[in-house]
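So the chains spell out like this:
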Amino acid sequence: MSPKAAGLAKKSGYTNVKVYLEGEPAWAKAGLPTYASNDFVNKGNIVLIDLRSTAKAEAARLPRAVSVPYETLDDRMEDIPRKAPVVLYSDKEKEAIAALGDMRFEGFKKVSLVYGSLDNWLKADGMHESGPVTTEISWKRKLGPGEVTVADFEKALSGMASFHSPNPVILDVRTNDETKSGKFKNAVTIPLDELSARMNELPKDRKIYIHCSTGARAEMAHKELQKSGFDSFFLVADVECKGNDCEIEE
Amino acid sequence: MKTNLKKLLPLAIMLSMLTWGCAQTQTGQDTASKPATEMKQQAPTYTGKIIGKSNKAKTISIEVGKGDQAKTMMVKFDDKTTGLEFAAPGEAAIINWEERGDDKFATVIKPKLASLPEGVSEIKTDELSNLVKSSADIMIIDSRPASRYAQAHLPGAVSIPAEDMKTKAAETLPKEKDKLLVFYCGGPT
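All values reported here derive from a predicted model rather than from experimental measurement.

### Focus: the overall build of chain B
Summing up its helical and strand segments, chain B has four helices and eleven strands in all. A burial count over chain B gives 42% of its 189 residues as buried. Contacts in chain B between residues at least 24 apart in sequence constitute 56% of all its contacts with a sequence separation of at least 6. A total accessible area of about 10,400 Å² is found for chain B, and carbon and sulfur atoms account for 53% of it.

Set out below in structure tokens:
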């Protein structure tokens, strides 16, 4: 994609155009820093980490920042959700870059730094908090379109999707092999690869809650049902059943 | 669970192909030197980064797909396999293979080359990082989707997603037409 963009720039008269083909992955792999956009730091669904001492963080820190002094980062890494985008900052550039390297080394794929001098960030209007710090990392993945929480799925299981549309349908799209060893009591079972041929077995006037064993197939089934005008939702969670006894784990 | 994984595998591979690649590839460059009989028109292929080659076991492993979808695939090779020199760890390659019994055998290995538009050249990590470190007067443009830019980008880079290039270039690119512009995205595979 970038060669094409470079070609367009060349055509519109730029004379000195290059492409960094290896791209962002090679940059990160070389241990070089990457940065989050300012807007993402302010509003993104991120884990924002203040690497400075607790005292400094108490005096002034970026809003929403969690205090993880650099020397404690190693011990705290298991508390950081691996799917979460993590943004780090410090008043020492070297420390921030070292922390970034440590996290990349531990396999975190979405880590970046706050760009620019921390002093300037903290001086900006409304850009800092002070007082006791939080050390607790509370990050929740945002639901995708059509995705339900485990709580809502469980409500649907008990037959109370909402007052307006009672009798939700639970649709299990795992294979016959998988459903043989167990399924939710009232679930309709249609394996994902048979869904398009068997859609007529599903009602269009009831909410359909789809699950599989992880959520991947449920999402695909959801997309297929949406195209055909069904009122469907899907669950992203691990589901394991023995008989009618099923466990849902996020 | 086993059957479940098997069912998901083709889907995972399909998904991985949808992820954001960077370079258009051209593969015809080195074929002239190869015997025509080696060329298979629609041979199955693996495209990705070579992970390793074992001369003892006569296998090549190659990483196919990106990010969480990345999978390491293994093919065997023999005396008839051509282009073995391109199966160097860390390099991007395209491996044509065929099934023999339970095994997959590499038939032709080609380097994965990016084709650059005329008048545009490649810049490598070292050169670019030196320019950044010396605060050179350049503009770095991130061609990936805006959400990827927001999460992590090169220092000082601006965002012009590839699909917005036609509409947004004029307002973002510098007035000086001789300024060095460096475009990048999510890597070559």
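There's plenty left to go through after this.
### Some remarks on the interface of chain A and chain B
Buried accessible area, meaning the area lost when the parts come together, often serves as the stated size of an interface. At the interface, 49 residues of chain A touch 57 residues of chain B. Carbon and sulfur atoms make up 64% of the area that chain A and chain B hide from each other, which totals about 4,500 Å². The largest contributions to the chain A side of the interface with chain B come from Tyr 14, Lys 18 and Leu 21 of chain A, which together make up 17% of the buried area. The interface formed by chain A and chain B holds two salt bridges in total. For Glu 127 of chain B, the salt bridge identified is with Lys 18 of chain A, shortest N-O distance 3.5 Å. Inspection of the region where chain A meets chain B yields 17 residue pairs in polar contact (both at pLDDT 80 or more). Secondary structure elements with two or more residues in the side of chain A that touches chain B: helix 1 (2-11), strand 1 (17-20), helix 2 (23-29), strand 5 (111-113), helix 9 (176-180) and helix 11 (216-227) of chain A. Per-element accounting of the side of chain A that touches chain B gives the leading share, nine residues, to helix 1 of chain A. The residue inventory of the side of chain A that touches chain B, partitioned by class, reads 25 nonpolar, twelve polar and twelve charged. Direction of pairing for strand 1 of chain A relative to strand 8 (residues 121-122) of chain B: parallel, over a ladder of two bridges. By the bridge assignment, Val 19 of chain A is partnered in strand 8 of chain B with Glu 122 of chain B.

### Remarks on the pairing of strand 2 (residues 45-54) of chain B
Looking along a regular strand, one sees side chains alternate from face to face of the sheet. Residues and elements named next belong to chain B. Two strands pair when backbone bridges link them, and strand 2 and strand 5 (residues 92-100) are joined in this way by five bridges, in the antiparallel orientation. By the bridge assignment for strand 5, Thr 45 is matched with Asn 96. Here strand 2 pairs with strand 3 (residues 59-64) via six bridges, running antiparallel. Note on strand 3: the bridge partner recorded for Gly 48 is Val 64. Counted between consecutive antiparallel strands, the loop separating strand 2 from strand 3 contains four residues, among which Lys 58 sits at a positive phi close to 55 degrees.

### Here's the deal with the pattern of salt bridges
With the rule as written, the count across this model stands at 23 salt bridges over all chains. When the shortest N-O distance is used, the salt bridge between Lys 223 of chain A and Glu 219 of chain A registers 3.5 Å. Placement of both Lys 223 of chain A and Glu 219 of chain A in helix 11 is noted, with a separation of four residues, approximately one turn of the helix. For the salt bridge of Lys 179 of chain B with Asp 137 of chain B, the shortest nitrogen-to-oxygen distance reads 3.0 Å. Within this pair, whereas Lys 179 of chain B is found in the loop between helix 4 (165-172) and strand 11 (180-184), its partner Asp 137 of chain B is found in the loop between helix 2 (125-133) and strand 9 (138-142), the two being separated by 42 residues in sequence.

### Structural notes on helix 1 of chain A
Among the residues of helix 1 of chain A, Ser 2, Pro 3, Ala 5, Ala 6, Gly 7 and Ala 9 of chain A are the ones counted as buried. In the core, the buried residues of helix 1 of chain A are packed alongside strand 1 of chain A together with helix 4 and strand 11 of chain B. Where helix 1 of chain A terminates, the next one or two residues include Gly 13 of chain A, which has phi positive at roughly 110 degrees.

### Quick notes on the sheet that holds strand 11 of chain B
With respect to topology, five strands assemble into an open sheet ordered 8(B)-1(A)-11(B)-9(B)-10(B), the strand pairing being parallel. Both outer strands of the open sheet, strand 8 and strand 10 (158-159) of chain B, are each paired with one neighbouring strand and no more. Of the strands in this sheet, strand 1 of chain A together with strand 9 and strand 11 of chain B touch helix 2 of chain B, which is tilted by about 125 degrees from strand 9 of chain B.

### Notes on the confidence of the model for chain B
When the pLDDT values of chain B are averaged, the result is 80; 75% of them are 70 or greater. Every residue in residues 23-40 of chain B scores below 50 in pLDDT, and together they form 35 contacts with partners more than four places removed in sequence or on other chains.

### Description of the state of the cysteines
Residues and elements named next belong to chain A. Throughout the structure, instances matching the rule amount to one disulfide over all chains. Each sulfur in the disulfide pair Cys 241 and Cys 246 lies 2.1 Å from the other. On the sign convention where negative is left-handed, the bridge of Cys 241 and Cys 246, at about 105 degrees about the S-S bond, is right-handed. Looking at Cys 241, the relative accessible area reads 8%, which means it is buried. Note on Cys 246: relative accessible area 16%, which makes it buried.

### Considering the packing of aromatic side chains
Each aromatic ring pair is summarised here by two numbers: the centre-to-centre distance and the angle between the ring planes. For the structure shown, the criterion picks out five aromatic pairs over all chains. Its end group placed over the ring of Phe 230 of chain A, Lys 204 of chain A keeps NZ or CZ at 5.0 Å from the ring centre. The ring centre of Phe 77 of chain B lies 5.9 Å from the NZ or CZ of Lys 53 of chain B, which sits over that ring.

### Brief notes about the sheet that holds strand 9 (residues 207-211) of chain A
Residue and element names in this part refer to chain A. The strand order across the open sheet built from five strands is 6-10-9-7-8, with neighbouring strands paired in parallel fashion. Looking along the sheet, the strands with just one partner apiece sit at the ends: strand 6 (147-148) and strand 8 (188-189). The pairing of strand 7 (residues 169-172) with strand 9 spans four bridges and is classified as parallel. Looking at the pairing, Val 169 lines up with Ile 208 of strand 9.

### Quick notes on the nonpolar core
Residue and element names in this part refer to chain A. By size, the foremost hydrophobic cluster in this structure holds 21 residues, and its most contacted members are Ile 49, Leu 73, Ile 80, Val 86, Leu 88 and Met 103. For this core, the elements supplying multiple residues, two or more each, are strand 2 (47-50), strand 4 (86-89), helix 6 (93-105) and strand 5. Among the elements that line this core, the one with the most residues is helix 6, at four residues. Contact partners of Val 86, with chain neighbours within four places excluded, come to Val 47, Ile 49, Ile 80, Met 103, Lys 110, Val 111 and Ser 112.

Cut-offs used in this document
Residues numbered from 1 in each chain as written. Chains lettered and ligands numbered in written order. Predicted model: local features only at pLDDT ≥ 70, side-chain atom pairs only at ≥ 80, totals over all residues. Heavy atoms only, no water. Helix = DSSP H or I, 4+ residues; strand = E, 2+ residues; numbered from the N terminus. Buried < 20%, exposed > 50% of the residue type's maximum accessible area, 1.4 Å probe, protein only. Contact = heavy atoms within 4.5 Å. Areas by Shrake-Rupley, 256 points an atom, 1.4 Å probe, with all protein chains shown as cover. Buried area = accessible area lost by both parts, 1.4 Å probe. Salt bridge = Lys/Arg side-chain N within 4 Å of Asp/Glu carboxyl O. Polar contact = N/O pair within 3.5 Å; in protein donor to acceptor, adjacent residues only side chain to side chain. Nonpolar A, V, L, I, M, F, W, Y, C, P; charged D, E, K, R; others polar. Pairing = 2+ DSSP bridges. Axes fitted to C-alpha atoms, helices over the stretch in contact; angles between N-to-C directions. pLDDT = per-residue confidence, 0-100. Disulfide = S-S within 2.5 Å. Phe/Tyr/Trp six-rings, centres within 6.5 Å; stacked < 30°, edge-to-face > 60°. Lys NZ or Arg CZ within 6 Å of the ring centre and 35° of its normal. Core = buried A, V, L, I, M, F, W, Y, C linked by side-chain atoms within 4.5 Å.

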